[in-house]
Amino acid sequence: MTVSFIFKPLRAGIAAALTAIAFSPAVASADYPDRPITLLVPAAPGGTTDLAARLIAQPLGEALKQSVVVENKPGASGSIASQAVAKAAPDGYTLLLQYSGYNAISPHVQPTDWDPIKDFAPIANILSAPQVIVVRPSLPVNSLKELIEYARANPDKLNYASSGNGALQHVATELLKQMADVKIEHIPYKGTGPALNDLLGGAVDLTITTPPPLLGHIAAGKLRALAVTGPKRLASLPDVPTVAEAGYPDLLVSSWFAMYAPKDTPKAIVDKLAGTIEGIMKTDAFRKKAEEQGAEADFMGPAKLAEYTQEEYDRWGKVVKAADIKAN
């Protein structure tokens, strides 16, 4: 009895030590993943956020030898999916493919139950996609300069469509208005699709959005592209100048689509995911698929993505405040 009593604490100590070793970052990294990973998307299927998730999910699953299941949870300006991941166990099995508009803009427009900076561990940026400024073909302008001149000569005559108050389309156009000192009325819609339908029908004059839903209409002559808001011309729109070429170098607006884990996820797991993703994104096949959608494979690792997330959050917060943008 005495011997048994003496060794109980020792056995308990050994058991605790073995448990600590089993769940240490090094062991977690070696064993991870040993079951399927869920990648939550805060948008409906078919959009660029969903595209980015599915573009990386399959090769990532193959590299990790586990399924990466894309699960769409749209709604509430990204809050449904974002909050779900923020509250998930920090074990690397529930991840978020986040859209920059939800990360950098939505929290400034309306209160959220999740913090884009404090509640997540950045893993990697996957895609970046500039915006394209397009107008209805009947509008008598052929360049961004002519659009600005027309707006100044016709104050309050022009209007622009967006996918809703606080959307990147909305905030980006407000930034253009601030820089150019022009007045253009905002017409918010419930999504990019309805906004484009009215633009194609001539009910509104212009919009700014990502290339994928625009390329076919531009090629068919149903929309006129004036400028790309990225640092270089798009391979899919080689004849469309950048905003810098058009005289507005500070109007750099890019949607980015990045992967995050819940905060406190072990660094070893984050680094393993980031390293695997970087290898995938270096392949010609991945880059080509991104370019075909008017986007760019734009890898940022955990440290760089953390810095960029903060920069974008601060930048768009200032624009939202200056334009006094409110939720619907």
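Along each chain, the written sequence defines residue order, and numbers are assigned to residues from 1. Thresholds applied to this predicted model are a pLDDT of at least 70 for local features of residues and 80 or more for the giving and counting of side-chain atom pairs; totals over whole chains, interfaces and linings are not thresholded and use all residues. With hydrogens and water stripped out, all remaining heavy atoms of the structure feed into the side-chain values.

1. Observations regarding the sheet that holds strand 8 (residues 206-209)
Strand pairing in a sheet is mediated by backbone hydrogen bonds. Such pairs are either parallel or antiparallel.
(1) Moving on: DSSP calls a pair of strands paired once it identifies at least 2 bridges connecting them. Comment: elements are numbered from the N terminus, with helices defined as DSSP H or I runs of at least four residues and strands as E runs of at least two. Across the sheet, which stays open at both edges, the 5 strands sit in the order 7-6-8-5-9 with mixed pairing between neighbours. The sheet is open, and its two borders are formed by strand 7 (185-188) and strand 9 (224-228), each paired with just one other strand. Taking each pair of neighbouring strands and ignoring which way they run, the sheet shows an average axis angle of 30°.
(2) Moving on: With 4 bridges joining them, strand 5 (residues 132-135) and strand 8 adopt antiparallel strand pairing. In the sheet register, Ile133 faces strand 8, and the bridge partner there is Ile208. Note on geometry: axes are lines fitted to C-alpha atoms, helical ones only across the stretch in contact, with angles between N-to-C directions running from 0 to 180 degrees.

2. Some details on the confidence of the model for the chain
(1) Moving on: pLDDT measures the predictor's confidence residue by residue and takes values from 0 up to 100. Taken as a whole, the chain shows an average pLDDT of 89; of its residues, 91% reach a score of 70 or greater.
(2) Moving on: Note on residues 1-9: pLDDT under 50 across the span, and 1 contact to partners over four residues away in sequence or across chains.
(3) Moving on: Predicted confidence is poor over residues 19-23, with pLDDT under 50, and the contacts of this stretch with residues over four places away or in other chains come to 2 contacts. By the convention used here, residues are in contact when the closest approach between their heavy atoms is within 4.5 Å.

3. Some details on helix 10 (residues 267-281)
(1) Moving on: Expected span of a helix, by definition, is 1.5 Å for each gap between consecutive residues, and there is one gap fewer than residues. The terminal C-alpha atoms of helix 10, which comprises 15 residues, lie 21 Å apart, in line with the 21 Å expected from a rise of 1.5 Å per residue.
(2) Moving on: In this scheme, a residue with accessible area under 20% of its type's maximum is buried, one over 50% is exposed, and one in between is partly exposed, where area comes from a 1.4 Å probe on protein chains only. Along helix 10, the positions that sit buried rather than exposed are Ala268, Ile269, Val270, Leu273, Ala274, Thr276, Ile277, Ile280 and Met281.

4. What to know about the packing of aromatic side chains
(1) Moving on: Classification of ring pairs rests on two measures: the distance between centres of Phe, Tyr or Trp rings, Trp counted by its six-membered ring, which must be within 6.5 Å, and the angle between planes, read as stacked under 30 degrees, edge-to-face over 60 and tilted in between. With the rule as written, the count across this model stands at 6 aromatic pairs.
(2) Moving on: Ring centres of Trp114 and Phe120 lie 6.2 Å apart, and the angle between their planes is 75°; this geometry places the pair in the edge-to-face category. The same class applies to Trp114 as to Phe120, namely buried.
(3) Moving on: In textbook terms, an aromatic cluster arises when at least three aromatic residues are bridged by ring pairs, as seen for Tyr99, Tyr102 and Phe257.
(4) Moving on: Geometrically, a lysine NZ or arginine CZ counts as sitting over a ring once it is within 6 Å of the ring centre and also within 35 degrees of the ring normal. The ring of Tyr93 has Arg35 sitting right over it, with the charged end atom 3.6 Å from the ring centre.

5. As for the pairing of strand 8
Consecutive side chains along a regular strand alternate between the two faces of the sheet.
(1) Moving on: Going residue by residue along strand 8, you find Leu206 and Ile208 tucked away on one face and Thr207 and Thr209 tucked away on the opposite face as well.
(2) Moving on: In terms of strand pairing, strand 6 (residues 159-162) meets strand 8 through 2 bridges, oriented parallel. From the neighbouring strand, Ala161 faces strand 8, where its bridge partner is Thr207.

6. Some words on helix 12 (residues 302-323)
(1) Moving on: If you check helix 12, its first and last C-alpha atoms are 32 Å apart, about what 22 residues at 1.5 Å a residue would give, namely 32 Å.
(2) Moving on: Among all positions of helix 12, only Leu305, Tyr308, Thr309, Glu312, Trp316, Gly317, Val319 and Val320 are buried.
(3) Moving on: Contacts made by the buried residues of helix 12 are with helix 5 (100-109), strand 4 (120-130), helix 7 (168-180), strand 10 (254-262) and strand 11 (296-300).
(4) Moving on: In the stretch just after helix 12, Asp324 is the one whose phi turns positive, near 50°.

7. Here we look at the sheet that holds strand 4
(1) Moving on: On the basis of which strands lie adjacent, the open sheet formed by 6 strands has the order 2-1-3-10-4-11 and mixed pairing. The open sheet has two free edges, formed respectively by strand 2 (68-72) and strand 11, since each of these has just one partner strand. Direction aside, the axes of adjacent strands within the sheet are offset by 25° on average.
(2) Moving on: Seen against the sheet, helix 10 touches strand 3 (94-99), strand 4, strand 10 and strand 11 and runs at an angle of roughly 20° to strand 4.
(3) Moving on: Strands in contact with helix 12 are strand 4, strand 10 and strand 11; relative to strand 10, the strand with the most contacts, it is inclined by about 120°.

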